[in-house]
Amino acid sequence: MSTEAEKICGLKREDFQTTVQGKETDLFILKNAQGNAVAITNYGGAIVAIMVPDKNGNMGNVVEGHDNINDVVNSPEPYLSRLIGRYGNRIAKGTFTLHGKEYHLKLNDGPNSLHGGPTGFNVRVWDAERMNDQSVVLNYVSAYGEEGFKGELKTTVVYTFNDDNELVIDYLATTNKKTIVCLTNHAFFALAGIANPTPSVENIELQINADFYLPIDNTSIPTGEILKVEGTPFDFRTPKVIGKDIEADNEQLKNGSGYDHNYVLNKKEPGELSFAAKLLEPVSGRTMEVYTTEPGLQLYTGNFLNGITGQHGATFPRRSGICLEAQHFPDSPNRPYFPPVTLEPGQQYKQKTIYKFGVEK
């Protein structure tokens, strides 16, 4: 790894090198031809820096993360910009039925199982191999019965940062027994640039390519309804400032303490790679577009961030980060009419999600 790449991120590789769970952790900095960089550690596949310029050419880190492995491992926010699995989002009561047998997962979010349980993919050390200056491949084998899930799941995630300032995340998984799988990345984006304090995302303009969303109960589990966004605070079909309706007198916003809801993305056909969302941060001019093959996009406005300290003394107060998690729908195993999340032996789980960074002057 070049020290030039380290300089761009303000990170030192040795600060991420240690042994956790008997495996070596490291830092991988992906650099493109434009001189921008993305830094990733193989602990939880955490993205710790995305260095891109604003409209004046000033470089800033637009993702919330830590600057050393100790802080990553002990972060008060265990999902901070990490890979999520085996099952992204929530499963009601941690219970689902497969092949007529009931399975019980550990509960780590009130009465529900969240993001694969307390020792999900976000706290695992992945085997990492750098492919070239712009790509790193992460592999993890989730053992049969891990966190209560059936089947051994072999998972590969490839991070690529290309010359178009696109962070491309490719996911691949196979199993030896029928199981459920829903993978995603929980990046907390802060397009203004992380700072002390990192500015609120409420001033960011957001567009989501979705006519429908999933309402939730007061434990954040989908009610089972699929409702139109039209005429609600959830309508982002045309760009709207996030803070405009976030405090509206609305039961759904109260249930999520803000936005923490899954959108049903508009698709011509299932599995197509298509436009999902766009962010525009008005002060810096930075933009981010999201493209994905997934049917859903979880919008989370960092409602439970509480001022944790991150990289170089930056702080992450409430609503300082926005998550746009491409995924299947929450609680799908208990909703047969949601897009299926089962994976059979001989099948491949595949997903591609792209975060494309730019500027508008």
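See the structure printed just above.
Keep in mind that what you see is a predicted model, and the values were worked out from it rather than measured.

1. Quick word on unusual backbone geometry
Only a minority of non-glycine residues have a phi that is not negative, and only a minority of peptide bonds are not trans.
1) Next: In this chain, G85 is followed by R86 through a cis amide linkage whose omega measures 0 degrees.
2) Next: You can see R86 is positioned in the loop between strand 7 (83–84) and strand 8 (90–91).
3) Next: Following N196, the chain continues to P197 via a peptide bond in cis, the omega torsion being 0 degrees.
4) Next: With respect to the element layout, P197 can be found in the loop between strand 17 (184–185) and strand 18 (205–208).
5) Next: For D331, which is not glycine, the phi dihedral falls at a positive 60 degrees.
6) Next: One can find D331 in the loop between strand 28 (323–327) and strand 29 (342–343).

2. With respect to empty space enclosed by the protein
1) Next: Counted under the stated rule, the structure contains 3 cavities of 30 Å³ or more.
2) Next: The wall of the largest cavity is formed by N89, R90, L214, I216, S220, P222, D260, H261, N262, Q298 and P330.
3) Next: When the residues that make up the lining of the largest cavity are grouped by side-chain class, the tally is 4 nonpolar, 5 polar and 2 charged.

3. Considerations on the nonpolar core
1) Next: One finds I50, Y159, L167, I208, Y263, L324 and F357 to be the most contacted residues of the largest nonpolar core, which totals 57 residues.
2) Next: Beyond its immediate chain neighbours, meaning those up to four positions away, L167 contacts V38, I47, I50, Y159, T160, F161, T353, I354, Y355 and F357.

4. Points about the pairing of strand 12 (residues 127–132)
1) Next: Two elements, strand 12 and strand 13 (residues 135–142), share 5 bridges in a ladder whose sense is antiparallel. Counted as the bridge partner of D127 is N139 from strand 13.
2) Next: Counted along the chain from strand 12 to the antiparallel partner strand 13, the turn is 2 residues long.

5. Regarding the environment of P199
1) Next: Here P199 is to be found in the loop between strand 17 and strand 18.
2) Next: Take P199: its relative accessible area is 38%, and that puts it in the partly exposed class.
3) Next: With 147 residues separating them along the chain, P199 and V52 place their C-alpha atoms 17 Å apart.
4) Next: In this structure P199 touches A192, G193, R319 and S320, once residues within four positions along its chain are discounted.

6. Structural notes on the side chain of S142
1) Next: The topology assignment puts S142 in strand 13.
2) Next: Among residues more than four places away in sequence, those in contact with S142 are R86, F121, G151, E152 and L153.

7. Here we look at the environment of Q298
1) Next: The residue Q298 is located in strand 25 (residues 296–300) in this model.
2) Next: Spatially, the C-alpha atoms of Q298 and D260 are 6.8 Å apart, while their sequence positions differ by 38 residues.
3) Next: At a separation of 2.9 Å, a polar atom in the side chain of Q298 contacts the side chain of D260.
4) Next: A polar atom in the side chain of Q298 sits 3.3 Å from the backbone nitrogen of N262.

8. Looking at the pairing of strand 28
1) Next: Counting buried positions along strand 28 gives 5 out of 5 residues, so the element sits mostly inside the fold.
2) Next: Burial of the side chains of strand 28 extends over both faces: C323, E325 and Q327 are buried on one face and L324 and A326 on the other.

9. Comments concerning the sheet that holds strand 20 (residues 227–228)
1) Next: Taken in spatial order, the 5 strands of this open sheet run 20-19-22-25-28, and their pairing is antiparallel. The open sheet is flanked by strand 20 and strand 28, the only strands paired with a single partner.
2) Next: Bridging between strand 19 (residues 210–214) and strand 20 involves 2 bridges; their strand directions are antiparallel. In the sheet register, Y213 faces strand 20, and the bridge partner there is L227.

What counts and what doesn't
Throughout, a residue's number is its position along its own chain's written sequence, starting from 1. Reporting of local features is limited, given that this is a predicted model, to residues whose pLDDT is at least 70; pairs of side-chain atoms are given and counted only at 80 or more, and all residues count toward the totals for whole chains, interfaces and linings. To get the side-chain values, take all heavy atoms of the structure and skip hydrogens and water. To qualify as a helix, a DSSP run of H or I must reach at least 4 residues; to qualify as a strand, a run of E must reach at least 2; elements of each kind are numbered from the N terminus. Any residue with an atom within 4 Å of a point lines the site, the site being either a cavity, points on a 1 Å grid over the protein atoms alone where a 1.4 Å probe fits but cannot get out, or a pocket, an open set with protein on both sides within 12 Å along at least 5 of 7 lines. Grid points are joined across faces, edges and corners, and a volume is the space filled by probe spheres set on the points. Each residue gets one label: Ala, Val, Leu, Ile, Met, Phe, Trp, Tyr, Cys and Pro are nonpolar, Asp, Glu, Lys and Arg are charged, and the others, such as Gly, are polar. Joining through side-chain atoms within 4.5 Å is the link that ties buried Ala, Val, Leu, Ile, Met, Phe, Trp, Tyr and Cys residues into a set, and such a set is a nonpolar core. The buried label applies to any residue whose accessible area, calculated with a 1.4 Å probe on protein chains only, is under 20% of its type's maximum; exposed applies above 50%, and partly exposed to all values in between. The contact rule is simple, with two residues in contact once any of their heavy atoms fall within 4.5 Å. One bridge is not enough; two strands pair if DSSP finds at least two bridges between them. Each polar contact in these results corresponds to two N or O atoms within 3.5 Å; when the atoms are within protein, one needs to be able to donate a hydrogen and the other to accept it, and residues that are neighboring in sequence are counted only if both atoms are side-chain atoms.

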